Amino acid sequence: MQNRKRIHLCLAHMSDGGLEQKYIKEAFDTNWVVPLGPNVNGFEKDLEDFVNTTSHEDTKNDKRVVALSAGTAAVHLALIACGVKPGDEVLVQSFTFCASSHPVTYLGAKPVFIGSEPDTWNMDPVLLETAIRDRIDKTGRKPKAIIPVALYGMPYDCTRIMEIAGRYGIPVIEDAAEGFGSRFNGRVLGTFGRYGVLSFNGNKMITTSGGGALITPDEDEWRRIMWYATQARESYPYYQHEEIGYNYRMSNICAGIGRGQMTVAEQHIAHHKHVQALYEELLAPVAGVSMHSQPQPQPGAEYDSNYWLCTLTLSPTLRIKGQEDAYKTVVTGAVGGAAGVIHAADTATTDCQPNDNVEALRVWLDKCQVEARPVWKPMHRQPVYRHAAVYTNHIEEDIFKKGLCLPAGPYVSDDDVRYIADCIKEAIVRE
Ligand SMILES: *Cc1c(COP(=O)(O)O)cnc(C)c1O
């Protein structure tokens, strides 16, 4: 077991032909080693072709895409474009990675957190509408934007969220950072709202080492976002600034990686779905363990998740070997890998954490050389957001206590999935 090669959650995987290196070499050979250039333009064109294809409808999208240095930068610029100012409120799905909400705080605005529905784990449309009405009652003003998140790739209920947002005239910024290539009713996520956020961090569906993109509605918006992303310079021969801008454009080197990755994007997505199907098959007979799967297709609501990470929940009554020792030691390493943990924790526990059996399974899998990770801790339970308003039925808190992410990346073989399923079965205490 100890000699086995470690199985990671989701590692970067380059194209077989080494196209990434070809594009990077071209950038060096032609001296385009800057945050603009042929690779950036080519990558944006590839992304536009990708997001504008629809498999069901006749109406073709004509979205424009700006490539940026990070997905977080894309969220930030979308908020600026929605006119978010200090003191404004933005409705954000609570169950998410911090990059969905932190940029709201960068702007001096306030995130108001929305709880999840049980089926998709994403923003509950009923809570969304309750929150909109209550915020208008309490503050006399409408929230400035709505940010649903495609958690682990799963689409949110696009129809109902867009309908509610439309009725109240509030723009939607789709955080599809984890949902690259996921579809709802045949249409790619990120193309339903006014803006769509993508991420190409090292562990996402495709990578540029680090990077992101913003899907924008039209040519005018594309220009405006581009202008903000390049220090908001006015067109004079000298540097004239009438507004504050940002240095958020993607580098031509990173975009070269992106162009190569676009040739394997569909392959990656198909692989993640295949791994999910295999987990579902192998774990279906295991009592107390449930894979999180997309809702069954219904007329007008067809979910097509990319299964960026495969996730399961453990019944609280299931006993896992070693669970009596869960949380006995302070974690010193980096839980979750690449993101790293810089601050050392001074306590082994917090007032909101996964159940003991989930932590025990994580530790068990770790010893089996399998990287597993708790699901995102809801933002409204994060100490840094303790003063934020929240509208919740506590569904996401319950999932946080029961959930675990399993490896799903391109390097995860069928044999690995079988091994992981066996490890999970082994970990269960049979009475
Ligand atoms: C990864 C991610 C982002 C963007 O992250 P970057 O690392 O800045 O590219 C945004 N939202 C969610 C939900 C994410 O998982």
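Just so it is clear, the model here is predicted, and its values are computed rather than measured. (Residues numbered from 1 in each chain as written. Predicted model: local features only at pLDDT ≥ 70, side-chain atom pairs only at ≥ 80, totals over all residues. Heavy atoms only, no water.)

Engineer: Could you give an account of the side chain of S94, naming the residues involved and the relevant values?
Structural biologist: For S94, the position within the fold is in the loop between β2 (89-93) and α4 (102-106). Side chain to side chain, S94 and H380 meet in a polar contact 2.7 Å long. With near-sequence residues (within four places) excluded, S94 lies in contact with F113, I114, P378, M379 and H380. (Helix = DSSP H or I, 4+ residues; strand = E, 2+ residues; numbered from the N terminus. Polar contact = N/O pair within 3.5 Å; in protein donor to acceptor, adjacent residues only side chain to side chain. Contact = heavy atoms within 4.5 Å.)

Engineer: I'd like a rundown of the pairing of strand β9 (residues 212-216), residues and numbers included.
Structural biologist: Of all 5 residues in β9, 5 are buried; the element is thus mostly enclosed. Side chains of β9 alternate between two faces, with G212, L214 and T216 and A213 and I215 buried alike. With 5 bridges connecting them, strand β1 (residues 64-68) and β9 associate as antiparallel partners. Paired with A67 across the bridge in β9 is A213. Judged from the 4 bridges that link them, strand β8 (residues 195-199) and β9 form a sheet pairing that is antiparallel. The residue bridging G196 from the neighbouring strand is I215, located in β9. (Buried < 20%, exposed > 50% of the residue type's maximum accessible area, 1.4 Å probe, protein only. Pairing = 2+ DSSP bridges.)

Engineer: How would you explain a nonpolar patch on the surface if you had to name every residue and give the values?
Structural biologist: A surface patch of nonpolar side chains, amounting to about 240 Å² of accessible area, comprises W32, V34 and L36. Structurally, the position occupied by W32 is in the loop between α1 (19-29) and α2 (38-51). Given the relative accessible area of 33%, W32 is considered partly exposed. (Patch = residues over 30% accessible without salt bridge, like charges linked within 9 Å, V, L, I, M, F, W, Y side chains within 5 Å. Areas by Shrake-Rupley, 256 points an atom, 1.4 Å probe, with all protein chains shown as cover. Salt bridge = Lys/Arg side-chain N within 4 Å of Asp/Glu carboxyl O.)

Engineer: Please set out the sheet that holds strand β12 (residues 310-314) residue by residue, giving values where relevant.
Structural biologist: The strand order across the open sheet built from 4 strands is β10-β12-β15-β13, with neighbouring strands paired in antiparallel fashion. For this open sheet the edge positions go to β10 (289-291) and β13 (373-374), each flanked by a neighbour on one side alone. Bridge analysis of β13 against strand β15 (residues 403-406) gives 2 bridges, and the strand direction is antiparallel. If you follow R373 over to β15, its bridge partner there is C405. Of the strands in this sheet, β12 and β15 are in contact with helix α11 (residues 395-402), which crosses β15 at around 60°. (Axes fitted to C-alpha atoms, helices over the stretch in contact; angles between N-to-C directions.)

Nothing here speaks to function; it is all geometry.
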